[in-house]
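Listed below are the residues making up each chain.
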Amino acid sequence: MIIFKKAKDLQNHLQICRQKNQGIGFVPTMGALHDGHLSLLTYSIAENQVTVCSIFVNPAQFNDVNDFKKYPSTLEQDIFKLETNGCHILFLPNVEEVYPEGFDKKRHYDLGYLDTILEGKFRPGHFQGVCMAVEQLLNIVQPGRLYLGQKDYQQCMIITKLIHIMGWQEEIKIRICPILRETDGLAMSSRNMRLDEEQRVQAPAIYNTLLFVKGKFGKESIGKLKKDAAERLHEKGFKTDYVEIANAATLLPVTDNEPGTDILCLAAAYIDGVRLIDNIMVN
Ligand code: AMP
């Protein structure tokens, strides 16, 4: 695996790959890698001659300074995992490399209602920050395929929208990959590293609550299901940002079991200071 810290060096290398007609797959991450990240890598390696993974903890997307400061970093292990899992290139830029003009000079992306619901509502500015970094990274890497995790469902929709805004939909194909879970159902997440033993035991309650909603979907009213789900999380010691039952294509809330529509339950909740998100298809 080759590690590049400078955008220019990476671009020069990728230029040669393109001249050899090698397809480029890209897996952007914020590091503290787990098997969920590595599954994206595996999809990319299977479909492309060259796979680039990036590790960049994007300051522009943290609406909470403490969350940014406490974001886990395990670079040595990450490099080992990438290397042993067949990654070709690691891009490891610093903030100046991604934002040569600084990240305060904010560009505004017209993301519509997606920017203000669910994650967007509870993390104001988050998706604008995500778009800033993803635009820069895509400009540098110019992949043919981009690998994203369904765990961040709304982010997948936002990045799809960004690619349309930039007019890159012909060049960059998005691959959305399934959520990898621990054996007790907890969605793998870098933030899980911040959970102590007791919190780690409580954490699968999010997934169990989603399963509860899925099990009762169509048998109870949507309103009651959301209320019961939020109560279950509260009883388990979570502070809930949202439990929403939404149209999977639009992410807008549904009010009844709409036959023929794919419906998703999404949740975001804090266990002490650690914010976890998850989602599941319910029909
Ligand atoms: P992050 O490092 O959290 O920004 O995640 C980098 C990429 O990995 C994003 O596309 C995530 O959606 C994806 N990802 C994170 N957790 C998982 C998981 N448990 N299963 C599959 N993909 C994941």
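What you are looking at is a predicted structure, and each value in this text was computed from that prediction instead of being measured.

S.K.: Break down the overall build of the chain for me, citing the residues and quoting the values.
M.R.: Each helix and strand counted, the chain has eleven helices and nine strands in total. For 283 residues, the compact-globule formula gives about 19 Å, and the C-alpha radius of gyration of the chain, at 19 Å, lands near that figure. Dimensions of the chain along its principal axes, counting C-alpha atoms only, are 60 × 40 × 40 Å. The buried share of the chain, taken over its 283 residues, is 51%. Taking the contacts inside the chain whose residues are at least 6 apart along the sequence as the reference set, 72% of them involve residues at least 24 apart. Surface accessibility of the chain: about 13,500 Å² in total, with carbon and sulfur atoms responsible for 51%. Each charge class in the chain can be summarised by its mean position, and for the 32 positive and 35 negative side chains these summaries are 1 Å apart.

S.K.: An account of the environment of Ile-277 is requested, with residue identities and associated values reported.
M.R.: With respect to the helices, strands and loops of the structure, Ile-277 is situated in strand β9 (residues 274–281). The sequence separation of Ile-277 and Leu-266 amounts to eleven residues, and the corresponding C-alpha distance is 7.6 Å.

S.K.: Which residues make up unusual backbone geometry, and what values go with them?
M.R.: The backbone of Asn-21 sits at a positive phi, close to 60°, despite the residue not being glycine. With respect to the secondary-structure elements, Asn-21 resides in the loop between α1 (7–19) and β2 (24–29). Residue class for Asn-21 comes out exposed when judged on its relative accessible area of 69%. A positive phi angle is found at Leu-251, which is not glycine, with a value near 70°. By secondary structure assignment, the location of Leu-251 is in the loop between β7 (238–247) and β8 (263–271).

S.K.: Go over the sheet that holds strand β6 (residues 173–177), please, and point to the residues and values.
M.R.: Read from one edge of the open sheet, six strands run β1-β4-β3-β2-β5-β6, paired in parallel fashion. Looking at which strands have only one partner, the edges of the open sheet turn out to be β1 (2–4) and β6. Across this sheet, the average inter-strand angle for adjacent strands is 25°, counted without regard to direction. When β1 meets strand β4 (residues 89–91), the two strands line up parallel, connected through three bridges. Counterpart to Ile-2 in the pairing with β4 is Ile-89. Here helix α4 (residues 75–84) sits on the sheet and contacts β1, β3 (50–55) and β4; the angle it forms with β3, its principal contact strand, is near 170°. Sheet strands touched by helix α7 (residues 126–141): β2, β3, β4 and β5 (145–149). Its angle to β2, the strand with the most contacts, is close to 150°.

About the criteria used
- Residue positions are given per chain, counting from 1 as you read along its sequence in written order.
- Where local features are concerned, this predicted model is filtered to residues with pLDDT of at least 70; where side-chain atom pairs are given and counted, the filter is 80 or more; whole-chain, interface and lining totals use all residues.
- Only hydrogens and water are set aside when side-chain values are computed; all heavy atoms of the structure are taken into account.
- Each helix is a run of H or I in the DSSP string that is no shorter than four residues. Each strand is a run of E no shorter than two, and both are numbered from the N terminus.
- Each radius of gyration reported is based on C-alpha atoms, and the globular scaling rule is 2.2 Å times the count of residues to the power 0.38.
- We call a residue buried when its accessible area falls under 20% of the maximum for its residue type, exposed when it is over 50%, and partly exposed in between, using a 1.4 Å probe and counting protein chains only.
- Two residues qualify as a contact provided that any one of their heavy atoms is within 4.5 Å of a heavy atom in the partner residue.
- Working definition of accessibility: Shrake-Rupley area with a 1.4 Å probe, residue cover restricted to the visible protein chains.
- Positive residues here are Lys and Arg, negative ones are Asp and Glu, while His and the chain termini are left out of the count.
- Note that the charge is assigned to NZ on lysines, CZ on arginines, CG on aspartates and CD on glutamates.
- What makes two strands pair is DSSP finding at least two bridges between them.
- The convention used is that axes are lines fitted to C-alpha atoms, helices contributing only their stretch in contact, and that angles between N-to-C directions extend from 0 to 180 degrees.

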